[in-house]
Each structure stands twice: as structure tokens, then as C-alpha cells.
Amino acid sequence: MALPALATILCLFSPLLLTAIASAREKRPNLTMGTPGPVTAHSGGRRLVHSHAKECDIPGTVDLSVREGDDTAYGQALYPVPAEDPNDPLQWSPIRKTLILVVCSLYSFLSNSALLGPSVYIGIFAAEFNTSFTDASNLISYANLAFGFGSLLLVPSYHKFGRRPVMLGSLILYCGGLLACSQVQTYSGLMAARVVHCFGASVCEALPVQLVNDIFFLHERGKRLGYYTVCLCFGATGPLFAGYMLNGGHSWRLFFWVEFAFGAALFILAFLVVEETLYHRKPPVGSSSPERQSLEGGEEKPTAVESTTPETGAVIPPRKTFVQSLKFWGVYEKDADFLLMIARSFTYFLVPHVLWVITTYGIYIGLGALTFNYIFPLKITAPPYNWSQLDSGLIAVASFLGYLLAIPFTPSSDQLAARLTRKNKGIREAEMRLGVMLPVMLLAPAGLIVFGFAAERDLHWVAYFAGVVMCNFCSYFYFTFTLAYAIDSYTSNISEMLIAMNLGKQAISFGMGLDLLDWVTRHGYAVMIAGVFGAILLANNLALLVFMLYGKRIRAFMSTTWLARVHRESVREVATH
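Summary of the structure given here. All values reported here derive from a predicted model rather than from experimental measurement.

Let us look at the sheet that holds strand β8 (residues 427-429). Strand pairs in the sheet, formed through backbone hydrogen bonds, run parallel or antiparallel to each other. Strand order in this open sheet of three strands is β2-β3-β8, and the pairing throughout is antiparallel. Edge positions in the open sheet fall to β2 (54-55) and β8, since each of these has one partner strand only. Strand direction decides the pairing type here: strand β3 (residues 61-63) and β8, joined by three bridges, are antiparallel. Looking across to β8, one finds that Val62 is bridged to Arg428.

Quick look at the structure:
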């Protein structure tokens, strides 16, 4: 028991260590300071950064030309333009930003592992609750649906009441649902508890993206979204942990106890380090930046003496103290219409860039989280393989390897975009990051062909692993860079866009997983996985060429539509605009 437990704990903490090490190694990567700015005791002794970058007429096209006094990264001005305020999340220390990124990434890892881990128990659930394999698999499918649709309520909530209280509240709901899962005695009770903990954790599908957008500059976002994606993808190793616990001779209930323990520890960590990031940026004094700004709302004012910049005479408020940063109430956005935000989020399905992210996430989650985890345990425990039920979760090793091999390419889109921006005389186009996806465009469909024919013809188990590695290696690129591209390319209310993304992707993945076992029984593994799913994935991946060639034209057209006007009027946070 000791070895499996140790391995489980190490695997659970690996995303945390990976994110912390990778992010902490670069306190402020490639940042070149301009004319020295104000350094005051109230800003923690840190110099505030400055920039005059601005968005051009077409959303997604940004002028990063450097002016005198600008701080730069990759030789380009920083964007968005930070406020002359140490409480602006863009001005926070790298350590503070890294801790927030670690917490939200670990939350995504834990919630995804809790969602997918019980997939190795489908056979056990069917026997214990006297149900069919299809009904037992619905404990994952319907939980997956709640995982997406919870954002319909939780995302507008953090927009109206603040990121911090909603994150802490969602962690309480998540832990309560897990605790219930460990205690229930009926199928319906387990289904209800699964829906509760996945509904609570659904905010972690949107909040990390929102926080990255709140606290990091444009040139940092691709890499930071990559770190978050690593942890999200490693959540697919949940079945491996569940298998370890079975191997130790324990009930399936232990898995939920372990997830609950880590969730409770994460709540304590989040309470201490995740400061409220909702901040309405005012135009800097003397700045001609045309960015859309809005009034400051609902945040506590630090109680200390203010200081003044010697260059402009602008008043610099003091940095909040640690105790003040622990406050989880006081934010209330009066102008944020809760119900209108929910209704308006559905209009983002009409935005091509957002729709591409939705189909990308939905298809890859449907494949990696559901299709592979449903089919492999049932195939590998039957003849001619006859593996033990205890080893049926080892397909998670292939998922882990696929994502692990892709991690070194995390900074590639930021680096490519920076290089192309320099060649374009400081003008950055949103499509400049997409070129890194070309080499893997056909890899995932090929992986589905391998997996489908391995299941159809009972090929060696290595073929299953090879197909999963190929598919998940490709999915890491598409997860990370399509999301960064959508955020870059369209003037949007990020909260509303994330609602649409989460609803759409979970609905698609739910549709791909629902009655999947009946489909493959009726039509065969090769037809459904290599044929139908492979064709759908190929069409989605080939959309890359459309956006690389015509993405700017699409952005220009969309910016003139009534839809874009509606979305621009709803913008309150400064994103990439």
C-alpha cells in the first residue's frame, strides 16, 4: 500500500511543482526597463512598469512600438498598459502572480482528476449498483455536463461579486460533493453527489483563464495558459490514481476521500494567496492610450499615506497589506447585469474564433477524457488481453506521456509571435502565434486511426498507447494556442466568452460520450473512432489553415457587425484591448 500511496501523492503534486518551478525561474522574462519610474515604500519597494502600447482599428492588431520610457519584453512595449497603481494586478510581484497561477492550475488538475478518475470503476459500479455499463458510464458523462454548465451561474457570479469569494465558495461546494461521494450507498445518491462536486468545480474551467488575463501581459499569456493547460491535461491521469488505490485493496470510496483531502488543503492555500484580481484600469496620467477603460468599483482602499510620481505628479495609492488582501467581501459590480450576462454569453457562439475554441476543446475532451477512458478499461480486461481491473487505468500513462512530450513547446507561440512582430515593425497580429500548430495538425487524426483499429482488431496494447500519445500531444497545442488566439483576436467581455466556451465544449464532449459504448457495439470501433470521430477531428484541425490565411479578414469583418458592438459595450475588464 505504501508505494501506490506515495506514487499517487507525487503524481498529484507534480503539476504544482512543474508550474511553480517553470514560472518562478523567470521573475520577469525578457523584460527591459525604460526610464526609471516611481519606487515608493507603499509599492513594496518595487518599480512600477510603464508602456504606451495601443490597439489598432482592428481588434487583435496591436501596436507594440516602443516609446521613450517604455518597459519592454522581446523588444516590444508591454500590453495592456498598466495603471500607476501598485494594486493593479499587472503591477504585482512575480511571486504573487506565480502563486495565484499555481493555485488555480492545481484546482483545475484536482477537479479534472476527480471528474475522470472513477472511469476505471465503471465495471465495479455496474456490479455494485446492479446497472448496465452504459448507466454506470453516465456517472462520468452527466458529471462532465455539470462541469461545464456550472459556469453559467458561477462565471457571472465572479464577475459581479469578485473572483476571490466565488473561488473560495466553489472549493467548499467541491469538497462537500466529494465527501458525499465517499458516503453514499445508492446509484442515484452517487449521481447527485458527482453532479454537486463537478458543478462546484466548474468555475476552474474559466477562472484560470480569467486570472491569467487579469494579471499577465500579452507577451506572457501564451506561456501561462500553457502551464494551466498542463495541469488541466494532467487531470486525465485521474484513472491512474484510482487504479493505484484499487491495487492497494481499497474500496472505490478511498479515491473520493483522497480528492477531498487535497481539496481542503487547496482551500486553505487559496484563502492565503489568491488576492482579488477584479480591477478597473483608469487611463494613466499623461497617457494617450485609446484603450477602453471603466470606473473603479467596489474594492477596499488601502489605509496608508499616498505617494506621488515625481515625473507626472500622479497620486499613487499604497499597496494593500497582506491582511487587507485576505478580505473576500466588498466587491459588488452594480452595473453587471447577472441575467443579461448569461443571455449575452450565447451570442459568442456566432463568433468564429470562439466557436473554434469550443469545438476544439469539446472534441478533444470527448476523446481524451471520455472515449479513451471508457473503451480501454473494457477492452483490456476482456480476452485476448485479460488484464486485471486494477491495471485498467494505465491508459492514463499514455495521456501523461503525450502531454509531457508537448510541454517543452509551451513558449513557442509567444516566441514565434514576438519574432514575427519584430519583422512587422512592431505591429502584432493575433494570427502570428498559430504557425506552431502546423506540424501537429494531422497527428491527432492519425492517432485516432491507430486507436480505433487497435480496438477493432485486438492489436497489441502498445497500439492503444501510441494512439493516445499522438492524440494528446496534438491536443496540448490546440488547447493552449486556440484559446490564446481567441482572447487576442476579439474585443470581448472575457467572462461572457468563457461561459460560452465552457457550455459549448462540455455539451460537445457530453454528446460524444453519451451512449458511446452502444455506438461502438452497433457500428464497430474502427467505424466510430477512426472513421466518424477521426473525420470530425480532422475537419476541426484543418480550420487552422482558414484562420492563418483569412483570420485578419474575419476579425475586420466581425468588428463592423452589430454583434461586435453589443460585445464592446459590455466590456468592463481590460483584456487585450
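What follows is about the side chain of Glu259. Relative to the helices and strands, Glu259 is located in helix α11 (residues 253-273). As a buried residue without a salt bridge, Glu259 has its nearest oppositely charged side chain in Arg194, at a separation of 8.3 Å. Within polar-contact distance, the side chain of Glu259 engages the backbone nitrogen of Ala114 at 3.5 Å. Not counting the four nearest positions on each side in its chain, Glu259 is found in contact with Leu110, Ser113, Ala114, Tyr174 and Leu178.

Moving on to the packing of helix α4 (residues 133-149) against helix α7 (residues 187-201). Where α4 meets α7, the closest approach of the two axes is 7 Å, and the angle between their N-to-C directions is 25°. Taken together, the axes of α4 and α7 are roughly parallel relative to one another. The chirality of how α4 crosses α7 is right-handed. Listed contacts from α7 to Asp135, Ala136, Asn138, Leu139, Ile140, Tyr142, Ala143, Ala146 and Phe147 of α4 are Tyr187, Leu190, Met191, Arg194, Val195, Cys198, Phe199 and Ala201. Broken down by class, the residue content of the contact of α4 with α7 amounts to 14 nonpolar, one polar and two charged.

A few words on the side chain of Ser170. Within the secondary structure, Ser170 is located in helix α6 (residues 163-181). With relative accessibility at 3%, the residue Ser170 sits in the buried group. For Ser170, the contacting residues outside a window of four places in its chain are Tyr107, Gly200 and Val203.

Bringing the environment of Ile375 into the picture now. As for its position among the elements, Ile375 is in helix α14 (residues 352-380). You can call Ile375 buried: its relative accessible area is 2%. C-alpha of Ile375 to C-alpha of Leu516: the two residues are 141 residues apart in sequence and 8.8 Å apart in space. Among residues more than four places away in sequence, those in contact with Ile375 are Phe451, Leu516, Val520, Tyr525 and Ile529.

All right, on to unusual backbone geometry then. Residue Pro384 is bonded to the preceding Pro383 through a cis peptide linkage, with omega at 5°. On the secondary structure map, Pro384 appears in the loop between α14 and α15 (395-406). Positive phi, normally seen in glycine, also occurs at Asn130, with a value near 55°. Relative to the helices and strands, Asn130 resides in the loop between α3 (122-128) and α4. The phi dihedral of Asp458 is positive, around 55°, even though this residue is not glycine. By the secondary structure assignment, Asp458 is in the loop between α17 (443-457) and α18 (461-489).

Calculation criteria
Residues numbered from 1 in each chain as written. Predicted model: local features only at pLDDT ≥ 70, side-chain atom pairs only at ≥ 80, totals over all residues. Heavy atoms only, no water. Pairing = 2+ DSSP bridges. Helix = DSSP H or I, 4+ residues; strand = E, 2+ residues; numbered from the N terminus. Buried < 20%, exposed > 50% of the residue type's maximum accessible area, 1.4 Å probe, protein only. Lys, Arg positive; Asp, Glu negative; His and termini not counted. Salt bridge = Lys/Arg side-chain N within 4 Å of Asp/Glu carboxyl O. Polar contact = N/O pair within 3.5 Å; in protein donor to acceptor, adjacent residues only side chain to side chain. Contact = heavy atoms within 4.5 Å. Axes fitted to C-alpha atoms, helices over the stretch in contact; angles between N-to-C directions. Parallel < 35°, antiparallel > 145°, perpendicular 65-115°, else oblique. Left-handed = near helix turned anticlockwise from the far one by under 90°. Nonpolar A, V, L, I, M, F, W, Y, C, P; charged D, E, K, R; others polar.

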